[in-house]
Each structure stands twice: as structure tokens, then as C-alpha cells.
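# Topology and contacts: notes
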Amino acid sequence: MASSALKKLATGPPDARREEIIRLCSTGRVKEALHRRFRQCLWSEPGLFSHIFRACRALPLLRQLHAFAATSGAAADRFTANHLLLAYADLGDFLAARGLFDRIPKRNVMSWNILIGGYVKNGDLETARKLFDEMPARNVATWNAMVAGLTNSGLNEESLRFFLAMRREGMQPDEFGLGSLFRCCAGLRDVVSGRQVHSYVVRSGLDRDMCVGSSLAHMYMRCGFLRDGEAALRALPLLNIVSCNTIIAGRTQNGDSEGALEYFCMMRGAGVEANAITFVSAVSSCSDLAALAQGQQVHAQAIKAGVDKVVPVMTSLVHMYSRCGCLCDSERVCLGYSGTDLVLCSAMISAYGFHGHGQKAVGLFKQMIAGGAEPNEVTFLTLLYACSHSGLKDEGMSCFELMTNTCGLKPSVKHYTCIVDLLGRSGCLNEAEDLILSMPVQPDGVIWKTLLSACKIQKNFDMAERIAERVIELDPHDSASYVLLSNIRATSSRWEDVSKVRKTMREQNVRKEPGVSWVELKGQIHQFCTGDKSHSRQREIDECLEEMMTKIRQCGYAPDMSMVFHDMEDEEKEVSLAHHSEKLAIAFAFLSLPEGVPIRVMKNLRVCDDCHVAIKLMSKVTGREIVVRDVDTFDEELDSTMIIGMGFEKTQAEVALAAADGDPNVAIEILMSQQG
């Protein structure tokens, strides 16, 4: 029947045969379009070869088609030759593309643009720039290709210079060029230039264009101007997934995770279907808040939407469950992927590091290598972190050697920070300091603070004083350095020196970040501060806490007075310790959550040693699972259900979003490409 239809078309009117060739090409049926019955039509109308070239997805076939077009004489037609050039560029055969380009007798702007665009897409900006400079005449599309290529490669300053040169030549940028330019300003965090371009957009009447408006909003949000960004989106004629993703990602990146989740719910209510990018941002917001219940709901919606097996979504889920203390759920998500994916494995290695399972992290790394995956800098960063927080000095040093010598990767200051932490925890303080002074990258404040913290742990107060001076000199407005130095001096009861540190902080207008703990109850976040009495159930909380402290004293608990870094009487110190924010949050959770439900508390600062011991005993005497996450590390105690933890680096899915400058259209390509 199909053969009969083809025969009928082949003998039918030329227009019918032409339309059938176009239809076959549009559905990828190139070989059928080349059937001998259609060849007379192709000989007589060379322009039809453009459809065949666009439909070709394999180089061997394209080369055969090239020969066929050359035999028929169609390749001599500039329009046809340009489409053949585009096909070679799209398939990455730039040797053939350049050869064809050089043979086109009368090249036009389109010929140049196709080759430049191909090199830009392939990341060869040097060759693209050389061709750009050789062009006899350029149009807006030429400039757009270069601006977009430079922006996508992170060369934002050069991209901005290209745009200014374009304006000097009298070119009027279109919506595509403006979209790239706003991403360029976002990458530079240059809101001043962004506002200038915004003014041009308003004068040009393009501020209601969906592409321009979304990129404009993204620029404002990346620069920290959420209201301006959302105002730009509200001005658009309709709400679509791109604009919604821009708002959600913008709020997440600017620390407004609650606002991101609110908008996610509003978007769903408005009938806009979420995609993979939406779920990555929503899950990341739940991760930042450690809101397990909300994270589970978003996970369920991702399953319903059919994107739960998309690697970036899986990666963000692994990260979220890990940060909420649910390592088993992280493992369950990871095991749901059938292959070996570098991004997903790196996230799981990071999760093991959060929970202090260094051996499992090393084991997964070896399994990943055996599966053929090639580790990158992020993979090694998560692995070194896992080793340092599990006390695996030998394994960590071996991994660092593997990274630098075998894999040939260049360590960043973050990798060296992990090694310093590893050495510091092992008591090798001098070796750690020597490493900082000799490493080939510039040390930052974080690596020195890591060494300072190790000095405190190892009680090497002389070195701590020296390192503290260096840290404060690097960043005189960072409260953490002053607090560490003050606590080190308080440990030795050097109260006059403690007063000097606090006086310096007042003079420098440096404020210590207050300790805050929070717990989620029925979708609401309840916050507690040390000594805070403002909660509506404060009397019940105090009574519950007093009862709990009595029970753990009977199990051998003794307040660790060294954890109070103020000159006061022991009785006052004991009262202060008993009312740390995490203890208040746990007491509230005992009062509010049903029996048997795990208690999950988050804290913005590190949990002190006294609270660590007290909470383990609370878990023991009540038989209740208690999970506390702080800014240090997950440490799972086998003799109880106490977990202490932190959030570390962003997942690679979030890195992909950042690499794409948060632009949903670009980010989705990067995120989806990670699956391969």
C-alpha cells in the first residue's frame, strides 16, 4: 500500500512530489525522500536539498548526500551549499565545513554566520573571532552569535565590549542579543549596565517580549534585586514555565527559599506545569530549609510529572534527603538510576561525607571508577571532604595524589582546604600550615580559619593566636574569626584578652551571628534562639526541658562548663547551657510531634560539645530518633540515634544552573546533557 502511494506521488503533479519530499524530511525519513521516483524532482529543484540536509543526522550519510548534490549540480547553488555547510557544522565536521566554505563561489553573510555559529557552539571562540574579524560585512545575527558565545563561556566582560562595539557600528540589537546581554550582566553582577540596557529595552518596546523579559528578570535577581526582577516578570503578557522558573531559581539563589516554595505552589495552582528545572529549584529550596515534609511532597509531584528519573532532579533529591538526615532515602534515590552517572555518584559521595561514612564514600568512588566514569574536580572535592570528616587521613592523601598525579587535575583552594582540615584533625598542624604556605594557589580566609579551628580542637593556643592574627588581617569584618579567637582565650580563662577581642569587634562594628535552631511542624517553621522567651508555649517548653535535663543527669550527664565562654558563676553557666537554642527546639518537638515521629532540628551554627552529649542522652532515655543538623558535619552515633550534620557544597545540578547563569533555556540543555 505504501509502495503504491509513493508510486502515485512520483507520477503526480510536481507540487505534490515536492510537498511529499518536505514531509518525509520533516519526519526524519531521509532515505525515503531520496527514492529514485523523487530524483527527477530533486534534479529540477535543487532547493529541496536544503530539507534533506537539515534532516540528516549522520556524517556518513551526509557525505553521500554531498556527493549526490555535487553530481546533480545542486551543490553549486549558494542556498543549497549554505544548508550543507550548516549540516556539517551541526554534526561537528569542521574540516569538511571549512573546505566547503572556502569553495562557495559567492559567500554571503549567511555563509559566514553559519560557520561562526558552528565554531561558537563547539566552544572554539578563537577561530570564531578570527572569522568574525575577516568578515567583509556583518549583520545583527553575527554579533548575536559572538555575544552569546562569549557569555556562555563565562567571558562576560568581553561579551559586554562586543555589545558596545555593535552599538557603535549602528546595529540595533534584537531580542536574542538582548537576552544574551542580560545574562552577561548577570554573570558580572553588573546591575548598573543591566539598568542601562533595561532603559534601551523599554525605549525599543521589547520589555514585554517573553525572552527579553525573562532574561531581564534573571539579571536583576542574580544581582540581588528580587523586587525589580519580579516586577519585570509581572509586566509580561502571560505567565509561562520560563518566567516561573526564573522567579523560583532567583529566590532560591538569593536565599529566599520559603519564597521560592510559595511561588512554586502558586505556579502549580495557576495551572503551569513544572518541568525538570522547576523541580531542581524547588527541591533545592527544601534542602536549604531542611524541610523534609515539603521535600517529600515535591518528590511525589516530580514522580507524578515523570521527571523523577532525570539525573539533575535525582541529584537534588539525594542532596535534599542527605541534608535532612535521611541517608537511607538518599541511597534509595541513587540506586534508582540504572547506570553510573558522575553527577549522581558525586552527590552520593557528598551525602556519605555529610554523615561521616567516609569508607562508604571511598567504596562508591572506587565502584564509580570501575564503571568507567572519569572523576572531575567536584567529585574529588566531595571525596576529600568525606575523608577529612571521617578521619581517613591515609585515604584522603591517596585520593589527593590520585587527583593531581594520575588524573592530572589542578586542585583549587577548596581542595587544599579539605587537606588542611584532614591534617588538622589528625593533629598535624605544622604540616597543614606548611601546605598553606607552599600551595600554588592563593590562600583565602576560609583555609586559614580551617587551620584556626584545628588549633582550637588540638588545644595549640600559641599557634592559634598567630593564625588568628593572619585570619583577621585577611577579613577584618568576619565575625567567625573573632569568635574563634575569643573562645580559644576563654578556654584558658584569659578573660581580659577575651574582653579585648570583644572591644575590637565593637570598634570594627562586627556582630556575632546569633545561634538559631528551627524545627518544622505541619509545614510551619518554628525558630528558637538561646535565652529566647517569646514562643507562645514557652512555659511548657521550659518545663519539658527541665524534666528532660533531670532524666539525663540520672544517666551521667554533667554540664560541660568549658562550653560557656563568659566569665560567670557555674550556676549561671549551667542555666545558659540548658537553654541553648537546639535544646529549646527539641523540647518543643517533644511537646508537639506524635510519639515515634523522628525529631529533626536544624541550626545555623555549630552544635557545642555539651549539646552533642546532652542530645545523645535525650535520644537514649526517650528511645526517640533525634536528628540535628548544624554547620559542621553529620556524625551518626551507632549507640544512639543522634545525628549531627551540615550542608556542604551545592549539588552539581545547582552548579549547572549557576554555569548557565540561571537562564532556564540554557540550564535545561546543560542539565539534560549531564544524563549522557
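Each chain carries its own residue numbering, running from 1 in the written order of its sequence. Given that this is a predicted model, residues contribute local features only at a pLDDT of at least 70 and side-chain atom pairs are listed and counted only at 80 or more, while totals for whole chains, interfaces and linings are drawn from all residues. To obtain the side-chain values, all non-hydrogen atoms of the structure were included, while hydrogens and water were left out.

An unreviewed UniProt entry annotates the chain as UBA domain-containing protein of Miscanthus lutarioriparius. According to UniProt, the comment filed for the chain under the heading Sequence similarities (unreviewed entry) is "Belongs to the PPR family. PCMP-H subfamily." UniProt positions are given in the numbering used here, feature names are shortened, and annotations may be inferred rather than shown by experiment.

## Here's the deal with the UniProt feature "repeat: PPR" (unreviewed entry) in the chain
In the numbering used here, UniProt assigns the feature "repeat: PPR" (unreviewed entry) to residues 108-142, 240-274 and 341-375. The helix count covers DSSP runs of H or I at least four residues long, the strand count covers runs of E at least two residues long, and both are numbered beginning at the N terminus. Strand forms 0% of residues 108-142 and helix 74%; the C-alpha atoms that close the span are 12 Å apart. Secondary structure within residues 341-375 divides into 74% helix and 0% strand; the distance between the first and last C-alpha atoms comes to 10 Å.

## Structural notes on the nonpolar core
Note on soluble globular proteins: their nonpolar side chains tend to be buried together. Nonpolar cores were defined as sets of buried Ala, Val, Leu, Ile, Met, Phe, Trp, Tyr and Cys residues, with membership established by side-chain atoms within 4.5 Å. Per-residue accessibility, obtained with a 1.4 Å probe over protein chains only, is compared with the maximum for each type, and a residue is labelled buried under 20%, exposed over 50%, and partly exposed between these values. Ranked by size, the top nonpolar core spans 157 residues in total, and within it I116, M219, V313 and L451 carry the most contacts. Looking at this core element by element, the count peaks at eight residues for helix α23 (residues 342-354). Residues L584, L593, M618 and I626 belong to the second largest nonpolar core, which totals 30 residues.

## Concerning the environment of R323
Among the structural elements, R323 can be located in helix α21 (residues 311-323). Side-chain atoms alone can form a polar contact between residues adjacent in sequence; in general such a contact is a pair of N or O atoms within 3.5 Å, and within protein one must be able to donate a hydrogen while the other accepts it. Looking at R323, its side chain comes within polar contact range of the side chain of D288, at 3.3 Å.

## Some remarks on helix α22 (residues 327-335)
Residues L327, S330, E331, V333 and C334 constitute the buried set of α22. Buried positions in α22, seen along its axis, are confined to an arc of 160 degrees and lie on one side of it. Across α22 from its buried face, at more than 90 degrees, point the exposed residues C328, R332 and L335. The directions considered for the arc are those from the helix axis to the C-beta atoms.

## Quick notes on the pattern of salt bridges
Just to be clear on terms, a salt bridge is a Lys or Arg side-chain nitrogen sitting within 4 Å of an Asp or Glu carboxyl oxygen. Tallying each qualifying case throughout the model produces 15 salt bridges. With a shortest N-O distance of 3.7 Å, K551 and E547 are connected by a salt bridge. Here E547 and K551 lie together in helix α33 (residues 538-554), a separation of four residues that amounts to about one turn. Judged by relative accessible area, which is 48%, E547 ranks as partly exposed. By sharing partners, the salt bridges in this structure join R129, D133 and E158 into a single network.

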